[in-house]
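# Structural features, examined
Each chain is listed here by its residues.
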Amino acid sequence: MSAIPIPRRRGRIRAALILGTRPEAIKLAPVLRAMSASPFFEPAVISTGQHREMLDQMLQRLQMDSSRDLAVMRERQQLSGLTARLISGLGEAVRADAPDVVVVQGDTTTALMGALAAFYEGVPVAHVEAGLRTGVIGNPFPEELNRRLVAPMVRWHFAPTEGSAANLRGEGVEPGQIQVTGNTVIDNLLWVLGRREGRAAFTTSHRRVLVTLHRRENQGDTMQGIAKALGELAARPDVEIVLPLHKSPAVRDALLPVLDGNPRVRLVEPLDYFDFAATLDASDLVLTDSGGVQEEAPTLGKPVLVLRTTTERPEAVDAGVALLVGTEPGEIVTAATRLLDDRVAYERMATAVNPFGDGRAAERIVRRLALDLAGRTESGEGDLAVA
Ligand code: UD1
Ligand code: UDP
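An account of the accompanying structure is given in this report. Quick caveat, the model's predicted, so the values are computed rather than measured.

Definitions and cut-offs
Residues numbered from 1 in each chain as written. Chains lettered and ligands numbered in written order. Predicted model: local features only at pLDDT ≥ 70, side-chain atom pairs only at ≥ 80, totals over all residues. Heavy atoms only, no water. Helix = DSSP H or I, 4+ residues; strand = E, 2+ residues; numbered from the N terminus. Expected span 1.5 Å × (residues − 1). Bend = angle between axes of the 7 residues up to and from the residue. Buried < 20%, exposed > 50% of the residue type's maximum accessible area, 1.4 Å probe, protein only. Core = buried A, V, L, I, M, F, W, Y, C linked by side-chain atoms within 4.5 Å. Contact = heavy atoms within 4.5 Å. Near = heavy atom within 4 Å. Polar contact = N/O pair within 3.5 Å; in protein donor to acceptor, adjacent residues only side chain to side chain. Areas by Shrake-Rupley, 256 points an atom, 1.4 Å probe, with all protein chains shown as cover. Nonpolar A, V, L, I, M, F, W, Y, C, P; charged D, E, K, R; others polar. Patch = residues over 30% accessible without salt bridge, like charges linked within 9 Å, V, L, I, M, F, W, Y side chains within 5 Å. Salt bridge = Lys/Arg side-chain N within 4 Å of Asp/Glu carboxyl O. Pairing = 2+ DSSP bridges. Axes fitted to C-alpha atoms, helices over the stretch in contact; angles between N-to-C directions.

### Things to note about helix H1 (residues 22-37)
- With 16 residues, H1 should cover 22 Å at 1.5 Å per step; its first-to-last C-alpha distance of 23 Å lies within 8% of that length.
- Along H1, the sharpest kink reaches roughly 35°, centred on Leu-28 and followed within four residues by the proline Pro-30.
- Residues of H1 that are buried: Glu-24, Ala-25, Ile-26, Lys-27, Leu-28, Ala-29, Pro-30, Val-31, Leu-32 and Met-35.

Here you go:
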């Protein structure tokens, strides 16, 4: 695969950070902070508004201003309509702003259409969190397809781990275009915890179980089955479950009929990132189908039961802090009960490890872009390369 040429430039590098959902805001916030602090960059955030309340909550709390908001979200949006609104709006935005580089994150439809809009306009693309793969095209849906489609349009693949870099090399991406950086979510988690502004959502000193659920492939009967498993766990008098509800009506349709009114299940609105990080830090056990939460929990030594049949983040499972338990209610109850009752099994998993990064991913990303686009870094490295 040949590299897309990069124009070298003298003035500030105009970087457009395209984002639309909660995790993209969380994971691009450290990149925006690093670019804003650098003399070489003039960053701007293009928000697609693929999410509304959940995105706005993060943008406000993390003090990220967007220069554009495409407001594409519709209630219960279908993928095809969302895709059409995104490519149309992003095409116009990238054409009008003419940035030197477009930065996209992860595997959402916003990320895929951001890369495509940039590619159509001849703007080089930097992909943050590149190279994650389950190897199963339909799972997670549609993210595995999205990230595979993003890859050929990308100039800089910022892979969070050696494993994700190896996936890209295996697909024929030139090694010089791949850099292992760690995941920017760890940068943000450490930054947010260091500020000590968050409040945990647990209200008792029972065994504290934090749950998040949202994946499309789990919605419907599967998610309702998971809700029943949570109800069974909450029947234990020593357990308190906190479940911040995703805004998706499909998620609420599955969970509320089973769990609403259960006194040991606290269903709360989405927590801002400071409060979520504090809640995660205060938890004993995490049950989730989220990608980001799988990455954050190991740093804090919180055992994670991954409520999915596949994962693109095998590092946490390999490190022994996560278990891929699937979505069968019986299996979920058995795995959670074991960890709650068997101290040895619990302690074996509750080990803080950092397979996803050391909190300096954004710094590496910004340094590499400065070197390639301006021929310089703050330490002066590569100064002579400016034409
Ligand atoms: C999207 C991403 C998924 C990511 C997840 C993070 C795609 C296809 N999916 O999934 O990869 O893991 O975000 O949470 O890109 N809604 C609101 N308010 C909000 C957010 C959502 O009302 O702030 C509702 C809307 O009815 C919307 C629905 O949730 O139609 C689904 O949102 P959507 O972005 O399509 O999918 P997610 O499941 O959130
Ligand atoms: N998160 C949050 N508040 C919540 C639930 C999650 O701030 O109430 C954060 C969480 O810390 C993680 C990110 O949102 O960084 C994960 O988002 P989500 O699960 O929606 O998406 P995914 O990571 O699966 O793409």
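Right, picking up where we left off after that structure.
### Here's the deal with the nonpolar core
- Leu-17, Val-31, Met-35, Phe-41, Leu-62, Met-64 and Leu-369 are the most contacted members of the largest nonpolar core, which totals 57 residues.
- In contact with Leu-62, other than residues within four places in its own chain, are Ala-25, Ile-26, Ala-29, Asn-188, Trp-191, Val-192 and Phe-274.
- In terms of nonpolar packing, the next biggest core, distinct from the first, is built from 33 residues, Ile-241, Leu-259, Val-333 and Ala-336 among them.

### Structural notes on the environment of Leu-70
- Along the polypeptide, Leu-70 turns up in the loop between strand E3 (68-69) and helix H3 (79-97).
- For the pair Leu-70 and Pro-30, spaced 40 residues apart in the sequence, the C-alpha separation amounts to 22 Å.
- Once you skip the residues sitting within four places of it in the chain, Leu-70 turns out to touch Ser-47, Thr-48, Gly-89 and Leu-90.

### Overview of the site of ligand 1
- Taken together, 24 residues form the shell around ligand 1, and within it His-51, Glu-53, Arg-74, Glu-143 and Arg-216 come nearest.
- Within the side chain of Glu-143, one N or O atom sits 2.5 Å away from an oxygen atom of ligand 1.
- Out of a free accessible area of 750 Å², ligand 1 has 94% covered by protein chains.
- Here the shell around ligand 1 is built from residues that sort into 6 nonpolar, 9 polar and 9 charged.

### A word on the site of ligand 2
- Taken together, 16 residues form the shell around ligand 2, and within it Leu-271, Ser-290, Gly-291, Gly-292 and Glu-296 come nearest.
- Between ligand 2 and His-214 there is a distance of 2.9 Å, counted from an oxygen atom to a side-chain nitrogen or oxygen.
- Contact distances for ligand 2 include 2.8 Å between an oxygen atom and a backbone N or O atom of Gly-291.
- Relative to its unbound accessible surface of 540 Å², ligand 2 loses 94% to contact with the protein.
- Those elements that place two or more of their residues in the shell around ligand 2 are H1, helix H10 (273-282) and helix H11 (291-299).
- Among the elements that make up the shell around ligand 2, the one with the highest residue count is H11 (4 residues).
- Split by residue class, the shell around ligand 2 holds 9 nonpolar, 4 polar and 3 charged.

### A word on a nonpolar patch on the surface
- Where nonpolar side chains cluster on the molecular surface, the patch consists of Ile-137, Leu-145 and Leu-149 and spans about 250 Å² of accessible area.
- When you line up the elements, Leu-145 lands in helix H5 (residues 143-150).

### Description of the sheet that holds strand E10 (residues 265-268)
- Taken in spatial order, the 6 strands line up as E10-E9-E8-E11-E12-E13 in an open sheet, and their pairing is parallel. The sheet is open, and its two edges are formed by E10 and strand E13 (322-324), each paired on a single side. Direction aside, neighbouring strands of the sheet carry axes that sit 20° apart on average.
- Judged from the 4 bridges that link them, strand E8 (residues 207-212) and strand E9 (residues 239-244) form a sheet pairing that is parallel. Bridge pairing in E9 links Arg-207 to Val-239.
- Contacting E8, E9 and strand E11 (285-288), H10 runs over the sheet at an angle of about 135° to E8.

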